[in-house]
Amino acid sequence: MRLVEVEISSFNRRFRVELDDGAAVEAVHYRGDSLCVSSQVGCAVGCPFCASGANGLARQLSADEIWAQVAEARARGLQVVRTTVSGVGEPLHNQRAVREFVLRCRAERIAPSLTTSGGPLERLTEWFALPHNGLTISVHAGSEEMRRALVPRGPALQPLFACLAGALPGQSRSRRKKIALAYLLIEGANDSDAELDAFSARAAPLALTVHLYAYNPLAAGAHRAVSRARYEAAYARLCAAGLRVRMSSQARIEPNGGCGTLVALRPGLSA
Ligand code: SF4
């Protein structure tokens, strides 16, 4: 396995991760000390705005292959004090390997976090107790219809929020602070006031931090980012509904650091 640098910008360095069987995924080094790693070749969740799952799932990465992304980055002299399993793949669909990776990060004094679409729910609740440094659940919708459209094979909102409402009270305050929700704003899809209000109504009782992400459109995709003015209006609306909201970081705003922009290649296919 080897890393090949494909893009560099102010905050991010993006790498193609060439695997021994000819498949490839991507990893992003950002903020000078953090690495976003991939956990699967492709993804079965099928979010239509995302390049990572455009061709479905090819295979799982082993724990060694996930860890090798960190080892290779370090071998290039890059500092890695934090990792996030937020690249190509749904980490809960590769539970055993991702769990092994997280434990290895801990043993190496690296703070590991992950991003998930939330299912299967029994695995999501397992993660509450595991020693991650952050678990972000991608919601992206307030209505079930929008959830089915944007996260087609993730859990529906009603069981997802019921699961969270049932499990969170059993967690310590410090563990609850490490769990967050994410809402990726996409023009003409989930950016209406009605959709935002429906999301607020579900999220407010949980009192979790909400990451409001700006979308980085794919060159060939049909989905578009909202304007800066609309993004700020959505932020204000969620705050007014009582949510604790965080805006996208500079690293995420850059085209090579945004949600859903990383790609997976099966053996024998080229970009
Ligand atoms: S956004 Fe995440 S869960 Fe959805 S298809 Fe992409 S990698 Fe999979």
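Residues numbered from 1 in each chain as written. Predicted model: local features only at pLDDT ≥ 70, side-chain atom pairs only at ≥ 80, totals over all residues. Heavy atoms only, no water.

Some thoughts on the overall build of the chain
For the chain, the count of helices and strands is 9 helices and 12 strands. The C-alpha radius of gyration computed for the chain amounts to 17 Å, which stays within 12% of the reference 18 Å derived for 271 residues, consistent with globular compactness. Taken along the three principal axes of its C-alpha coordinates, the chain extends 45 × 40 × 30 Å. Of the contacts formed within the chain by residues at least 6 apart in sequence, a portion of 67% connects residues at least 24 apart. Counting every atom, the chain has about 11,600 Å² of accessible surface; 50% of that belongs to carbon and sulfur. Taken as two groups, the 32 positive and 24 negative side-chain charges of the chain have centres that lie 6 Å from each other. (Helix = DSSP H or I, 4+ residues; strand = E, 2+ residues; numbered from the N terminus. Rg over C-alpha atoms; globule rule 2.2 N^0.38 Å. Contact = heavy atoms within 4.5 Å. Areas by Shrake-Rupley, 256 points an atom, 1.4 Å probe, with all protein chains shown as cover. Lys, Arg positive; Asp, Glu negative; His and termini not counted. Charge placed at Lys NZ, Arg CZ, Asp CG, Glu CD.)

Considering the nonpolar core
Ranked by internal contacts, the top residues of the largest apolar core, which has 81 residues, are Phe101, Leu124, Leu164, Leu181 and Phe199. Ignoring any residue separated from it by four or fewer positions in sequence, one finds Leu164 in contact with Leu124, Phe128, Ile137, Pro169, Leu181 and Leu206. (Core = buried A, V, L, I, M, F, W, Y, C linked by side-chain atoms within 4.5 Å. Buried < 20%, exposed > 50% of the residue type's maximum accessible area, 1.4 Å probe, protein only.)

A short note on the sheet that holds strand E7 (residues 82-85)
With mixed pairing, the 10 strands of this open sheet are ordered in space as E1-E2-E3-E4-E7-E8-E9-E10-E11-E12. The open sheet is flanked by strand E1 (2-8) and strand E12 (244-247), the only strands paired with a single partner. Direction aside, neighbouring strands of the sheet carry axes that sit 25 degrees apart on average. As judged from the 4 bridges shared by E7 and strand E8 (residues 111-116), these two strands associate in the parallel manner. Among the inter-strand pairings, Arg82 is bridged to a residue of E8, identified as Ala111. On top of the sheet, helix H3 (residues 121-129) reaches E8, strand E9 (135-138) and strand E10 (179-185); it is set at about 155 degrees to E9, its chief contact. (Pairing = 2+ DSSP bridges. Axes fitted to C-alpha atoms, helices over the stretch in contact; angles between N-to-C directions.)

Comments concerning the site of the ligand
If you check the shell around the ligand, you find Cys43, Val45, Gly46, Cys47, Cys50, Ser52 and Gly89 and nothing else. Here the shell around the ligand is composed, by residue class, of 4 nonpolar, 3 polar and no charged. (Near = heavy atom within 4 Å. Nonpolar A, V, L, I, M, F, W, Y, C, P; charged D, E, K, R; others polar.)

Points about the packing of aromatic side chains
The tally for this structure, following the rule as stated, stands at 3 aromatic pairs. Residues Trp67 and Phe101 carry aromatic rings whose centres are separated by 6.2 Å and whose planes lie at 55 degrees to one another, so their mutual orientation is tilted. Placement of Trp67 in helix H1 (residues 63-75) and of Phe101 in helix H2 (residues 95-107) is noted, with a sequence separation of 34 residues between them. Relative accessible area serves as the criterion here: at 8%, Trp67 is assigned to the buried category. (Phe/Tyr/Trp six-rings, centres within 6.5 Å; stacked < 30°, edge-to-face > 60°.)

Structural notes on the state of the cysteines
Under the definition given, this model contains 0 disulfides. In this structure Cys163 is not part of a disulfide, and its nearest cysteine sulfur, from Cys47, lies 18 Å away. For Cys163, a relative accessible area of 14% translates into the label buried. (Disulfide = S-S within 2.5 Å.)

Some points on empty space enclosed by the protein
Summed over all chains, the structure comprises 1 cavity of 30 Å³ or more. Here the largest cavity defines a volume of roughly 40 Å³. Taken together, the residues of the lining of the largest cavity break down into 5 nonpolar, 4 polar and 1 charged. (1 Å grid on protein atoms, 1.4 Å probe; cavity = no way out; pocket = protein on both sides within 12 Å on 5 of 7 lines; lining within 4 Å. Points joined across faces, edges and corners; volume = space filled by probe spheres on them.)

Let's talk about the pattern of salt bridges
Counted under the stated rule, the structure contains 15 salt bridges. Notably, a salt bridge pairs Arg16 with Glu18, separated by 3.0 Å at the nearest N-O pair. The class for Arg16 is partly exposed, based on a relative accessible area of 27%. A salt bridge links Arg104 to Asp64; the shortest N-O distance between them is 3.9 Å. Here Arg104, found in helix H2, pairs with Asp64, found in helix H1; they are 40 residues apart in sequence, far enough to count as distant. Exposure remark for Asp64: the relative accessible area of 53% places this residue in the exposed category. (Salt bridge = Lys/Arg side-chain N within 4 Å of Asp/Glu carboxyl O.)

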